[in-house]
Amino acid sequence: MQESQNTSKFYDHLWAAFIFFTRLPFWRVYQPPKSSYAAVVEWWPLTGWFIGGAMAATLYYGAMVMPYAVAVIAAIVIRLLITGALHEDGLADFFDGFGGGGSDRQRILDIMKDSHIGTYGVLSLILYIALLVFALISMSPKIAALTILAANPFSKMITSIMVVMMPYARTEETAKNKTVYRTIDWKAGISLCIQGLLPLIAFLWYTGLSWVMIIVVPCLVTCLLCWLIWRRLRGYTGDCCGAVCLLSELSFYLTVCALVA
């Protein structure tokens, strides 16, 4: 009986993660209980396998039939379609809040919750997309595809450290998605490490690139952003998670770009 319940919870949590982090109609097949959405971060990197796989396949095979720059942009568009620009929305809100809110905690939270985008948000998206496009174009199609497969789950894994280290900055009632992630225990932590590190280990083995730089730079970026978030908000929000995930992933691409240049 206990084993059956554990299997059911695993299925519910995994299904909730794919419903939460993508815009594909998984909910039409099965709708897990609302409580399962509190555990979606525990399977976040696994959704990165799927999202990164679709993006990498579009880039690699698209480069065989169209100009490489077009294939890179198509890969980014595929990710935006799958995720509904969930993390990009968080990135824009994060920069609007921290750029326009000053040191006022409540003002930062209010700005991030506002559905309107400001100057800081627009600039952040332009610069982010530009750096992402040029970083991928600077690599060969094969290396770029492999980098995506490794970077997407890894960035999600290290971003989840915020859920471990910080409380949620809002209440469940005032949360934009009405979900507060539960605290990650040691079992979930091991699972996250497996999900995030397996693609990375395969990538490092195949490419032979310096594992020190590729691991340290994104981790350092994540830690600095977490420090900033803690200093200003004393807790995280969903927008913070999305922004940190994208920026740590971008630092992964830029590091690989520097190593293969």
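Since the model is a prediction, treat every value here as computed from it, not as a measurement.

### Quick look at the overall build of the protein
Broken down by element type, the protein carries 11 helices and zero strands. Counting helices and strands in the order they occur from the N terminus, the protein gives α-α-α-α-α-α-α-α-α-α-α. Here the protein has a C-alpha radius of gyration of 18 Å; the compact-globule value for 261 residues is 18 Å, and the two agree. Put simply, the protein has 261 residues, and 48% of those count as buried.

### A closer look at the layout of surface pockets
Empty space within the second largest pocket amounts to approximately 370 Å³. What lines the second largest pocket is a set of 11 residues, and nearest its centre among them are His13, Glu42, Arg182, Asp185 and Lys187. Those elements giving two or more residues to the lining of the second largest pocket turn out to be helix H1 (2-21) and helix H9 (186-207). For the lining of the second largest pocket, the element with the most residues is H1, which contributes four residues.

### Here we look at helix H3 (residues 68-83)
Between the first and last C-alpha of H3 there are 23 Å, a value that for 16 residues agrees with the 22 Å anticipated at 1.5 Å per step. Among all positions of H3, only Tyr68, Ala71, Val72, Ala75, Ile76, Arg79, Ile82 and Thr83 are buried. Burial along H3 is one-sided: seen end-on, the buried residues are contained in an arc of 140°. Looking one or two residues beyond H3, the residue adopting positive phi is Gly84, at roughly 70°.

### Regarding the packing of helix H2 (residues 44-62) against H3
Where H2 meets H3, the axes come as close as 8 Å, and the angle between the chain directions of the two elements is 155°. Relative to H3, the element H2 lies roughly antiparallel. Seen from above, H2 lies across H3 with right-handed handedness. Judged by residue contacts, Phe50, Ile51, Ala54, Met55, Thr58, Leu59 and Gly62 of H2 engage Tyr68, Ala71, Val72, Ala74, Ala75, Ile76, Ile78, Arg79, Ile82 and Thr83 from H3.

### Things to note about a nonpolar patch on the surface
Taken together, Trp49, Trp186, Ile190, Ile194 and Leu198 make up a surface patch of nonpolar side chains, about 560 Å² in accessible area. Sorting elements by how many residues they give to the nonpolar patch places H9 first, with four residues. Its place among the elements puts Ile194 in helix H9.

### Points about empty space enclosed by the protein
One pass over the full model with this rule turns up one cavity of 30 Å³ or more. Lining the largest cavity, in full, are Ile51, Arg79, Thr83, His87, Glu88, Lys156, Leu246 and Glu249. Every element with two or more residues in the lining of the largest cavity is listed here: H3, helix H4 (86-100) and helix H11 (238-260). Classifying every residue of the lining of the largest cavity by side-chain character gives two nonpolar, two polar and four charged.

### A look at H2
The end-to-end C-alpha distance of H2 is 26 Å, a good match for the 27 Å that 19 residues give at a rise of 1.5 Å each. Taken as a whole, H2 has its buried residues at Trp44, Pro45, Thr47, Gly48, Ile51, Gly52, Met55, Ala56, Leu59 and Gly62. In an axial view of H2, the angular spread of the buried residues amounts to 160°, which keeps them on one side of the axis.

### Digging into unusual backbone geometry
With phi around 55°, Ala85 is a residue other than glycine that occupies positive phi space. At Arg234, a residue that is not glycine, the phi angle is positive and equals roughly 60°. Here Arg234 falls in the partly exposed class, since its relative accessible area comes to 47%.

### Observations concerning the nonpolar core
Core analysis: the largest hydrophobic core is formed by 71 residues, its most contacted members being Leu136, Met162, Ile229 and Phe252. Examining the composition of this core, we find that 12 residues originate from one element, H11, more than from any other. In contact with Phe252, other than residues within four places in its own chain, are Thr147, Ala150, Ala151, Phe154, Leu200, Phe203, Ile214 and Pro218.

### What to know about the packing of aromatic side chains
All told, the structure shown has 18 aromatic pairs when counted by the stated rule. Relative to Phe21, the ring of Phe20 has its centre 5.0 Å away and its plane inclined at 85°; by these criteria the two rings are edge-to-face. Residue classification places Phe20 among the buried positions, given a relative accessible area of 13%. Using a relative accessible area of 4% as the deciding quantity, one classes Phe21 as buried. Taken together, the ring pairs in this structure connect Tyr11, Trp15, Phe18, Phe26, Tyr30 and Phe50 into an aromatic cluster.

### Structural notes on the packing of helix H7 (residues 141-159) against helix H10 (residues 211-233)
At a minimum axis distance of 10 Å, the contact between H7 and H10 shows a crossing angle of 45°. As judged from the angle between their axes, H7 and H10 are oblique. For the element pair H7 and H10, the recorded crossing hand is right-handed. In contact with Phe154, Ile158 and Thr159 of H7, H10 contributes Ile214, Ile215, Pro218, Cys219 and Thr222.

Analysis parameters
- Residues numbered from 1 in each chain as written.
- Predicted model: local features only at pLDDT ≥ 70, side-chain atom pairs only at ≥ 80, totals over all residues.
- Heavy atoms only, no water.
- Helix = DSSP H or I, 4+ residues; strand = E, 2+ residues; numbered from the N terminus.
- Rg over C-alpha atoms; globule rule 2.2 N^0.38 Å.
- Buried < 20%, exposed > 50% of the residue type's maximum accessible area, 1.4 Å probe, protein only.
- 1 Å grid on protein atoms, 1.4 Å probe; cavity = no way out; pocket = protein on both sides within 12 Å on 5 of 7 lines; lining within 4 Å.
- Points joined across faces, edges and corners; volume = space filled by probe spheres on them.
- Expected span 1.5 Å × (residues − 1).
- Arc of directions from axis to C-beta.
- Axes fitted to C-alpha atoms, helices over the stretch in contact; angles between N-to-C directions.
- Parallel < 35°, antiparallel > 145°, perpendicular 65-115°, else oblique.
- Left-handed = near helix turned anticlockwise from the far one by under 90°.
- Contact = heavy atoms within 4.5 Å.
- Patch = residues over 30% accessible without salt bridge, like charges linked within 9 Å, V, L, I, M, F, W, Y side chains within 5 Å.
- Areas by Shrake-Rupley, 256 points an atom, 1.4 Å probe, with all protein chains shown as cover.
- Salt bridge = Lys/Arg side-chain N within 4 Å of Asp/Glu carboxyl O.
- Nonpolar A, V, L, I, M, F, W, Y, C, P; charged D, E, K, R; others polar.
- Core = buried A, V, L, I, M, F, W, Y, C linked by side-chain atoms within 4.5 Å.
- Phe/Tyr/Trp six-rings, centres within 6.5 Å; stacked < 30°, edge-to-face > 60°.

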